[in-house]
Amino acid sequence: MNRNIIERIYQKGIISKESYLRIINWLDLPVNIFREVKILLYLSVITFSYCLGYIIYMYSTSAGKAVALGTFSLVCFSTGTFFKSKKNITADYLILLGSLSIISFFGYLQFQYHLFNGRYSLTSFITMLLLFAAAYIYRNVATLALAISNLALWLGITVSIKNVFIINFQIIISGICLSILLYLLSHLKLHKKYFSFTYQNFSVNLFFISLLSAIINLKPEWFYSLLLLLSAVLVFRHFFKIKQKYFWVLVALYTYFGLSYFIVNTIEFSGFYSIYFIILYFIFSLAAFIYFIINMNKLSNE
Amino acid sequence: MNNLFFEKVAIKSLLIDLYDVGILPKQENDNFKIKFYSPSIYIQIALFIATVAGLAFVAGFMFLLFNFSNVEFILAAIISALIFFWSLKAHHYNSGIDNASLYMSIAFFNIFFAANFSISIALISLLVAVTCATAAFLLKDRFLAIAAFLSLLYYLVNLNLLNANLVLLAVSLVLFIFSALAGRNCSVSNDKIFSTLKYVSSFFAAISPSIVFEGKYFLYAPAGFLPVLFIFFAVKLKSLLLLRTGILALLFNIASIIFLFSGLKFYGLFCLVSVLILLLCIVVIKILNVPKSGFVCVEIDEVNNAETVTPFLPENSAAGEFKYGGGSFGGGGASGSF
């Protein structure tokens, strides 16, 4: 922060002399580099995991390397436990590294040695159990996110740019059921403080992505659009009531996208003027969307 | 354009930041009143996306009306500018609508020139640099300042006067010195622009030598160590700016080496490097548990620990909570209410 600016706003009488001296005093305090160290920790964990994964994928052929990977994962967890007892921030990152190594370890065993004779779901199931155990033992949010992703994978749900719109009825239903289950889990007293947001975040995203996929892939589209609208109203009201802005904005965005897709895709257009209609629809609906968000935000702040 | 509005909002943001860290009394923060609408980040993102999409469809509608005659770009620019000025009139400040409409109007304006006049890409980048710089300083936008710098860099590199990487280094250094000098006595609203420019220019200065030796590992590796020097001097000079840009440049170099080179030895090397960084962080956390050489490394929630902060604490913490220097500043304080 610029000292000259502080001096100038003091001279203008915006802040008192006492506050001015306090701020100048504050500027002389030691600089806290906690955030920078956290970024470096995260970077080192991600880089290590990425490079190790690549080495295993490209070059590893011996069982010794799998043993080394498993041992490394154990070392991460044990050192993580040690640092956790000392209340050191590094513990969370070591546990995350250990969790990522567990995934690589089981993936490697399945890929190289066909551990469960082609039953890939069993690999993801065991990994998921271990990750859930690690997340709860160490109260680690990042590990919980990995565990939930593995749970979804075990149920056959994968979300990527390539396959988000190519999924069948069973997967969509699994997605919806899983999202409801995750939402219920978020209310368990056991982890309300630590994991509630992570569960809710996965739940809301998965629920609306499943419904959007249903609108795009399944028939009748009107039914799924109606389902999207009704559930959006319920979820929106709930999060609006508890003043969770992130979630109600997310719901609004998903609903707008889903309903717009339905309107543009299902109404039969003919001739050149249909393109005018679509463009005008988007211009006016987006203006309405902006108006809606601003007003809801105002109401939410009251 | 209301310069006074931007200045007042910048002062208010500063006061909110100071209040949030607990060194400004509530009363002094409340005494300085300015009406502006700056919602929370999620609302900002939603409004930004909706405005950009809406203005893109407006441009599409113009295309249909004027049958691709290029006049649609200038019309779309005018409409975007009108929305921007309307949002300013409604006291919007970083609401998502004002940013999006400003960026879109500048983009449409430059596309209009590029589409209508047969000028080279270099000249277009100069035009972008001029328009972005003008808008950045008139309308106090940090993102546009970065865009102006990058466009200017592109223009200078395209002139082929010197080695492109030397141009990168020279421009970065000149801009850094300019920002440092100009930032000394600037207004509150310009301060954030100059500090952003300082960050961007020092980052480019740190990475430029490694870009010179792109693809030649044995030359690249020593040049890639410049960020380490930045970090060293950051510690020496107690500069958070050098520390941050050093870390960012280090990340850039690691990512670019992974991208440029492949093979077991490189990936093995990075595994080793990441373990070393991890160990270094553990040591830093251990050593800087208490303030040392002007630095400290403690979790924000733990800063009330009296033993740690007593020697440096202001006499009374205004909001009952206290945070260490550095790190917290840079973002505009959002006033939730409007």
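Reading the values: the criteria
- Residues take numbers from 1 onward in each chain, read along the sequence in its written order.
- Chains carry letters and ligands carry numbers; both start at the beginning, A for chains and 1 for ligands, and go up in the order they are written.
- Thresholds applied to this predicted model are a pLDDT of at least 70 for local features of residues and 80 or more for the giving and counting of side-chain atom pairs; totals over whole chains, interfaces and linings are not thresholded and use all residues.
- Helix and strand assignments follow DSSP, with helices taken as H or I runs no shorter than four residues and strands as E runs no shorter than two, numbered in order from the N terminus.
- Helix span, expected: 1.5 Å multiplied by one less than the number of residues in the helix.
- Using C-beta atoms placed from the backbone, we call a residue buried if 20 or more other C-beta atoms fall within 10 Å of its own, exposed if 12 or fewer do, and partly exposed for counts in between.
- As a rule, the C-alpha atoms of each element are fitted with a line to give its axis, helices using only the stretch in contact, and angles between N-to-C directions run from 0 to 180 degrees.
- Note on angle classes: values under 35 degrees are labelled roughly parallel, values over 145 roughly antiparallel, values of 65 to 115 roughly perpendicular, and the remainder oblique.
- Left-handed describes a crossing whose near helix is turned anticlockwise from the far helix through less than a right angle; right-handed describes the clockwise counterpart.
- Contact between two residues is assigned whenever their backbone-derived C-beta positions fall within 7 Å.
- Ten residues, namely Ala, Val, Leu, Ile, Met, Phe, Trp, Tyr, Cys and Pro, are considered nonpolar, four, namely Asp, Glu, Lys and Arg, are considered charged, and the remaining ones, Gly among them, are considered polar.
- A strand pair is defined by DSSP finding two or more bridges across the two strands.
- By our criterion, buried Ala, Val, Leu, Ile, Met, Phe, Trp, Tyr and Cys residues that link up through C-beta atoms within 7 Å make up a nonpolar core.
- Throughout the structure description, domain borders are defined by an automatic or database domain assignment.

Considering helix 6 (residues 121-139) of chain B
Residues and elements named next belong to chain B.
- With 19 residues, helix 6 should reach 27 Å at 1.5 Å per residue; the first-to-last C-alpha distance of 26 Å fits that figure.
- Among the residues of helix 6, those classed as buried are S125, V128, A129, T131, C132, A135 and A136.
- Two residues or fewer past helix 6, K140 is found with a positive phi of approximately 55°.

Re the packing of helix 4 (residues 71-89) of chain B against helix 5 (residues 97-116) of chain B
Residue and element names in this part refer to chain B.
- The interhelical angle for the contact between helix 4 and helix 5, taken along N-to-C directions, is 160°, at an axis separation of 8 Å. The pairing of helix 4 with helix 5 is recorded here as roughly antiparallel in orientation. You can see that helix 4 and helix 5 cross each other, and the crossing is left-handed. Along the contact surface, helix 4 presents F73, I74, A76, A77, S80, A81, I83, F84, S87 and L88, while helix 5 presents I97, D98, S101, L102, M104, S105, F108, F109, I111, F112 and A115.

Looking at the interface of chain B and chain A
- Tallying the contact residues gives 66 residues for chain B and 57 residues for chain A.
- Mapped onto the side of chain B that touches chain A, the elements with two or more residues apiece are helix 1 (3-20), helix 3 (41-66), helix 9 (188-212), helix 12 (240-260), helix 13 (264-287) and strand 1 (295-296) of chain B.
- A breakdown of the residues in the side of chain B that touches chain A according to their chemical character gives 46 nonpolar, 14 polar and six charged.
- Pairing between strand 1 (residues 31-32) of chain A and strand 1 of chain B: two bridges, direction parallel. In the sheet register, V31(A) faces strand 1 of chain B, and the bridge partner there is F295(B).

Quick look at helix 3 of chain B
- Helix length check: helix 3 of chain B (26 residues) gives 37 Å between terminal C-alpha atoms against 38 Å at 1.5 Å per residue, within 8%.
- Looking at helix 3 of chain B, one finds that the buried residues are I43(B), A46(B), L47(B), A50(B), T51(B), G54(B), L55(B), V58(B), A59(B), F61(B) and M62(B).
- On the buried face of helix 3 of chain B, the contacting elements are helix 11 (245-266) and helix 12 (273-301) of chain A together with helix 4 and helix 5 of chain B.
- Count one or two residues on from helix 3 of chain B and you reach N67(B), which has phi positive near 55°.

Some thoughts on the nonpolar core
- Within the largest apolar cluster, 139 residues are counted, with the highest numbers of intra-cluster contacts made by V251(A) and C132(B).
- Tallying contributions element by element places helix 9 (residues 192-217) of chain A first for this core, with 11 residues.
- Each of domain 2 (31-154) and domain 3 (179-302) of chain A accounts for three or more of the residues forming this core.
- Setting aside its immediate chain neighbours within four residues, V251(A) contacts V204(A), A232(A), V235(A), F236(A) and F239(A).
- Grouped together as the second largest cluster of nonpolar side chains are 21 residues, I15(A), I11(B), L15(B) and L18(B) included.

Overview of the domain arrangement of chain A
- Taken domain by domain, chain A holds domain 1 (1-30), domain 2 (31-154) and domain 3 (179-302).
- Each of domain 1 of chain A and domain 3 of chain A has a C-alpha centre, and these two points are 46 Å apart.

A closer look at the environment of A205(B)
- Tracing the backbone through its elements, the reader meets A205(B) in helix 9.
- In this structure the C-alpha to C-alpha distance between A205(B) and L166(B), which are 39 residues apart in sequence, comes to 9.8 Å.

What about the environment of L278(B)?
- Here L278(B) shows up in helix 13.
- Taking the C-alpha atoms as reference, L278(B) lies 18 Å from F266(B); in sequence the two are 12 residues apart.
- In this structure L278(B) touches L41(A) and S44(A), once residues within four positions along its chain are discounted.

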